[in-house]
Amino acid sequence: MQTRNLINGEWRDAPSGATFDVTNPATDEVIAKVPDGGAGQAVAAIAAARAALPSWRALPAAERAGPLAKLASLMLAKQDELAKLLTREQGKPLAEARGEISYAASFISWAAEEAKRVYGETVPASRTDQRILVLRQAVGVVAAITPWNFPAAMITRKLGPALAAGCTIIVKPAEQTPLSAFAIGELALEAGIPAGVLNIITGDSAAIGQAIFADPTVRKVSFTGSTAVGQKLMVAAANNVVRLSLELGGHAPFLVFDDADVDAAVIGAIKSKFRNAGQTCVCPNRFFVQDGIYDEFVAKLAAALEPLRIGSGLDEGVSVGPLIDDDAVAKVRDHVDDALSHGATLRLGGKIFSPESGLTERFCQPTILEGVNASMKLNHEETFGPVAPIRRFTHEAEAIELANDSPYGLASYFYTRDNSRVWRVAEALEYGIVGANDGAPSTAQAPFGGVKMSGIGREGGRYVMHEYLNIKYVSIGID
């Protein structure tokens, strides 16, 4: 297990020798100590990426694709080891962690193929003595700032297309989960990705961020995290007019219509809401269920959730792991208490506890709240926990209005067996991602991203390549 920063192909401690602890959220066990770096290491990483850029960018696309494809293969070959490491630092159940490693590798392998399909074009000219070409070229040095909830996939979703496009990159992983990033770095070196093309640094987020935005070498920043931080990055980016991709907060609605397959809707709700203990940016935060099937849906959801095993993610058979830290616990508790104080009723769960000796008190029971209304915090704020607040609706138009009543627009879900309604609702929902009878729509080949205050840009498929490419217009005069 590597525990040092990767700069120019070398593993380095912080110059000061300072470190911080990486702990298992289920037990508070200290897993590792990693460098508490700062602006100096950020500057060194940027210099390494700048030096590596010309030769990496000049490689034919197929030659860049080769080591990327090998990296994806190595990740799959080491899937179990990577999954155990991910679970230890993040907490999610091993089955989910294995799934994340496969998901993470898919972004690398997809990008390796897309590297060969970065096409320019010719444009018909308006003069006989002119020819017009459009070229697509790598943006340059890229910085990626990633969150703790998907510590492998959120890196590869940025790393894969950036390197495939010919960029070099500095990755700043979340303080809670840097070990998965270092493991990917180890495999990247083994796969033959040259020194300086991928750099990984941990430490003081503010100091590292300031160094990134102060250096005109960095031409692109991709960030996944909160809207509040994203807004600050937009301000910081103005100084050097740095391009941004921002995947920010979500507040997903989940609509269930009278004509839905209720059993399928319950399965979709569990997939989308309760994986990773509800700590995903695309998980539903507001459930709206039509009067005709409301009681059936709630009863079946409660029956499906009740037997789920809660515990350490390292134990086989566990379905719900811990929340990431005490701040996450406090927010979930505050949202549940606030809802109950404003008239909600507790149908299931609601308890935060330690499921067994030796585990922390960060485990939240899957929770169902009924009688939810607009006055409650969880109707306006992202909970980031396994809490399903459910509200009735009567008409389709009402459901759409409730769903769109949010400044956020990342993901949304609805269930219906009416084909016309599928089209109407999908077009009416103001979200970048819509799962129509699908609780798990995310995939490497599709564009992932939001609208409104949920961000700008897209990750996934051919669309993500444009995030890391500049367009150059070449006008050629001829005789």
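So, how was this worked out
Residues numbered from 1 in each chain as written. Predicted model: local features only at pLDDT ≥ 70, side-chain atom pairs only at ≥ 80, totals over all residues. Heavy atoms only, no water. UniProt positions renumbered as here; feature names shortened; annotations may be inferred. Domains from an automatic or database assignment. Contact = heavy atoms within 4.5 Å. Buried area = accessible area lost by both parts, 1.4 Å probe. Salt bridge = Lys/Arg side-chain N within 4 Å of Asp/Glu carboxyl O. Polar contact = N/O pair within 3.5 Å; in protein donor to acceptor, adjacent residues only side chain to side chain. 1 Å grid on protein atoms, 1.4 Å probe; cavity = no way out; pocket = protein on both sides within 12 Å on 5 of 7 lines; lining within 4 Å. Points joined across faces, edges and corners; volume = space filled by probe spheres on them. Helix = DSSP H or I, 4+ residues; strand = E, 2+ residues; numbered from the N terminus. Buried < 20%, exposed > 50% of the residue type's maximum accessible area, 1.4 Å probe, protein only. Axes fitted to C-alpha atoms, helices over the stretch in contact; angles between N-to-C directions. Parallel < 35°, antiparallel > 145°, perpendicular 65-115°, else oblique. Nonpolar A, V, L, I, M, F, W, Y, C, P; charged D, E, K, R; others polar. Disulfide = S-S within 2.5 Å.

As annotated in an unreviewed UniProt entry, the protein chain carries the name Succinate-semialdehyde dehydrogenase [NADP(+)] GabD and is attributed to Enhygromyxa salina. Checking UniProt for the protein chain, the heading Sequence similarities (unreviewed entry) contains the comment "Belongs to the aldehyde dehydrogenase family."

Interfaces are frequently sized by the accessible area removed from exposure as the parts join. Per the domain assignment, the segments making up the protein chain are domain 1 (5–248 + 454–477) and domain 2 (252–436). Opposite the 25 residues of domain 1 that make contact, domain 2 presents 27 residues. Between domain 1 and domain 2 lies a buried interface of about 2,000 Å² when both sides are counted; carbon and sulfur atoms form 56% of it. If you sort the residues of domain 1 by the area they bury against domain 2, Ala26, Trp148 and Ser454 come out on top, with a joint share of 25%. Seen at the junction of domain 1 and domain 2, the total is 2 salt bridges. Our enumeration of links across domain 1 and domain 2 arrives at 12 residue pairs in polar contact (both at pLDDT 80 or more).

On to empty space enclosed by the protein. Counted according to the given criterion, the structure contains 4 cavities of 30 Å³ or more. Empty space within the largest cavity amounts to approximately 60 Å³. What lines the largest cavity is Phe107, Trp110, Ala111, Glu114, Arg157, Pro161, Ala444, Gly460, Gly461, Val464 and Met465. Residue assignment for the lining of the largest cavity shows that the elements contributing at least two residues are α4 (94–114) and α5 (153–165).

With that out of the way, let us pick up the pattern of salt bridges. Here the structure, examined in full by the defined rule, presents 28 salt bridges. Linking Lys78 and Glu81 is a salt bridge whose minimum nitrogen-to-oxygen distance equals 3.9 Å. Classification of Glu81 by relative accessible area gives partly exposed; the value is 48%. Here Glu175 ties to Lys172 by a salt bridge, and the two come within 3.6 Å at their closest N and O atoms. Residue classification places Glu175 among the partly exposed residues on the basis of a relative accessible area of 30%. Since its relative accessible area comes to 5%, Lys172 is described here as buried.

On to the packing of helix α2 (residues 61–77) against helix α3 (residues 79–90). Relative to each other, α2 and α3 sit at 75 degrees, their axes nearing to 5 Å. The angle between the axes of α2 and α3 places the two elements in the roughly perpendicular class. Contacts between α2 and α3 involve Met75, Leu76 and Ala77 from the first element and Gln79, Glu81 and Leu82 from the second. Residue composition of the contact of α2 with α3, grouped by class: 4 nonpolar, 1 polar and 1 charged.

Relative to the elements of secondary structure, Val387 occurs in strand β18 (residues 387–393). Among all residues touching Val387, those that are not within four sequence positions of it are Lys273, Phe274, Val332, Val336, Thr367, Leu369 and Leu378.

Attention now goes to the state of the cysteines. Counting across every chain of the model gives 0 disulfides. Cys283 supplies the cysteine sulfur nearest to Cys281, a cysteine that is in no disulfide, at a spacing of 8.2 Å. A relative accessible area of 13% places Cys281 in the buried class.

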